[in-house]
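Listed here are the chains, written in short residue letters.
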Amino acid sequence: MNPHVRRPQPLPADHPGTPAPRLLTLTIDGQVAQVREGTSLLKVLQSLGIDTPTLCWAENLTPVNVCRICVVELEGARTLVPSCSRAAEDGMVVHSDSPRVQAARRTVLELLASSVDTSTAPQMLAFMARYAADGQRFGPAQAPLAAGERDRALAGHHHLGDGQSAATVAQPVKIDNSLYVRDYAKCILCYKCVESCGIDAQASFAIAVAGRGFDARISTEHAVPLPESACVYCGTCVDACPTGALMFKSEHDLRQAGQWRPADQATTRTICPFCGVGCTLELTSQDNKIVRVTSPKDSPVSAGALCVKGRFGTVFVHGVAGEEGDEPSSTVP
Ligand code: SF4
Ligand code: SF4
Ligand code: FES
């Protein structure tokens, strides 16, 4: 078991001889639910089969409450509350899909879609269809910024635009190594990569949020290229990214060439061949080449996290560059 991954602490009842946890009773969309103290509203919704959208929440990450798409209406509360991080309380009456909730979710999606390229974010696109969100609501997109311009943005100097078009985070994709690319034109600032790289999994702290307001962005220290940063290429952030902003270079290159064909891909679950830990790998292959490696979050060994070898090293099966046969699709930088 990965010791760095935060897991829910066992409840007292899991230990023999300790008192049973307090049970809470609350009402969700007219259904009465009984849950253990400490359960989040999102968990209660999920246990009732209520499909609640999330963007910044993940089972294996600490909630950071930044996307606000999971909000629900709580009777007696002035504002909508984020279900992913709000703990259930005795007597709560919750409305998970009221017109107010739907309007809030639609607005969040429209604000994101007006400024971010959602073309490789199927989950977001599904949410937009579900809430009839209009990505053009705030007008046509402004011209992309030049390379590095967002990295140099200073607080208080944000260009607000002309009032007719929508400011965006469009910018050239960052390709500075042979393993994965960073296309921050697709970044919704969900923090999942930061959490994964930091205390929740990898503990490398190679990336963080820089800037403020609309200029907030994910950055290495002093915006240096990845090979000059603290990144160890574990790819945990790539796995966590819900929008394709972080992407295997092999996938990026195939997409650029119009050759990314999910219908022709196979997924194979296997064990990493590199050491005795035995992390679980899921290899995505196309045309007999490994094009992406992920790790299932429910694996008791790796819990979604891998090292550089498991994440990017299995392409050794393609053969060595210069030998007869295939060239590796990626190499360690
Ligand atoms: S690849 Fe690993 S070390 Fe590098 S930024 Fe992503 S999570 Fe951090
Ligand atoms: S790069 Fe991906 S994971 Fe990181 S904040 Fe942006 S959308 Fe989220
Ligand atoms: S999923 Fe709850 S705030 Fe993002």
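Residues numbered from 1 in each chain as written. Chains lettered and ligands numbered in written order. Predicted model: local features only at pLDDT ≥ 70, side-chain atom pairs only at ≥ 80, totals over all residues.

1. Topic: the sheet that holds strand E2 (residues 31-36)
Thinking step 1. With respect to topology, 5 strands assemble into an open sheet ordered E2-E1-E5-E3-E4, the strand pairing being mixed. A strand with exactly one partner marks an edge of an open sheet, and here the two such strands are E2 and strand E4 (81-82).
Thinking step 2. Sheet topology places strand E1 (residues 23-28) next to strand E5 (residues 93-95); 2 bridges connect them, and they run parallel. Note on E5: the bridge partner recorded for Thr-27 is Val-93.
Thinking step 3. Strands strand E3 (71-74) and E5 of the sheet are contacted by helix H2 (residues 99-115), whose axis makes an angle of about 155° with E3. (Pairing = 2+ DSSP bridges. Helix = DSSP H or I, 4+ residues; strand = E, 2+ residues; numbered from the N terminus. Contact = placed C-beta atoms within 7 Å. Axes fitted to C-alpha atoms, helices over the stretch in contact; angles between N-to-C directions.)

2. Topic: the environment of Ala-263
Thinking step 1. Within the element layout of this structure, Ala-263 appears in the loop between helix H6 (249-256) and strand E10 (265-271).
Thinking step 2. Under the C-beta neighbour-count criterion, Ala-263 is labelled exposed, with 5 such atoms within 10 Å.
Thinking step 3. In this structure, the C-alpha to C-alpha distance between Ala-263 and Gln-286, residues 23 residues apart in sequence, is 9.3 Å. (Buried ≥ 20, exposed ≤ 12 C-beta atoms within 10 Å, placed from the backbone.)

3. A word on H2
Thinking step 1. Helix length check: H2 (17 residues) gives 25 Å between terminal C-alpha atoms against 24 Å at 1.5 Å per residue, within 8%.
Thinking step 2. Of all the positions in H2, only Val-101, Arg-105, Val-108, Leu-109, Glu-110, Leu-112, Ala-113, Ser-114 and Ser-115 are classed as buried.
Thinking step 3. Buried-residue contacts for H2 involve E3, E5 and helix H3 (122-130). (Expected span 1.5 Å × (residues − 1).)

4. Focus on the sheet that holds strand E12 (residues 289-294)
Thinking step 1. Within the open sheet, the 3 strands sit side by side as E10-E11-E12. Their pairing is antiparallel. Each edge of the open sheet is held by one strand with a lone partner, namely E10 and E12. Taken pair by pair, the neighbouring strands of this sheet meet at an average axis angle of 30°, ignoring direction.

5. A closer look at the nonpolar core
Thinking step 1. Leu-109, Cys-187, Cys-193, Cys-237 and Leu-246 are the most contacted members of the largest nonpolar core, which totals 74 residues.
Thinking step 2. Considering each element in turn, this core owes the most residues, 5 residues, to H2.
Thinking step 3. Discounting chain neighbours no more than four positions away, the residues touching Cys-237 are Cys-193, Ser-196, Cys-197, Ile-207 and Leu-246. (Core = buried A, V, L, I, M, F, W, Y, C linked by C-beta atoms within 7 Å.)

6. Some words on the pairing of E12
Thinking step 1. As paired strands, strand E11 (residues 280-286) and E12 are joined by 5 bridges and run antiparallel to one another. Among the inter-strand pairings, Gln-286 is bridged to a residue of E12, identified as Lys-289.

7. Observations concerning unusual backbone geometry
Thinking step 1. One non-glycine residue, Leu-189, lies in the positive phi region at around 55°.
Thinking step 2. Checked against the element boundaries, Leu-189 lands in the loop between strand E6 (180-182) and helix H4 (192-197).
Thinking step 3. In this structure Leu-189 comes out as buried when scored by C-beta crowding, with 20 C-beta atoms within 10 Å.
Thinking step 4. We note that Ala-303 has phi near 50°; this positive angle belongs to a residue other than glycine.
Thinking step 5. Checked against the element boundaries, Ala-303 lands in the loop between E12 and helix H7 (308-312).

8. Here we look at the confidence of the model for the protein chain
Thinking step 1. The predicted model of the protein chain averages 89 in pLDDT, with 88% of residues at 70 or higher.
Thinking step 2. Low pLDDT (under 50) marks residues 1-13, which in the prediction has 22 contacts with non-local residues, meaning those over four places away or in another chain.
Thinking step 3. Confidence drops under a pLDDT of 50 for residues 322-332, and excluding neighbours within four residues, the segment shows 23 contacts in the predicted structure. (pLDDT = per-residue confidence, 0-100.)

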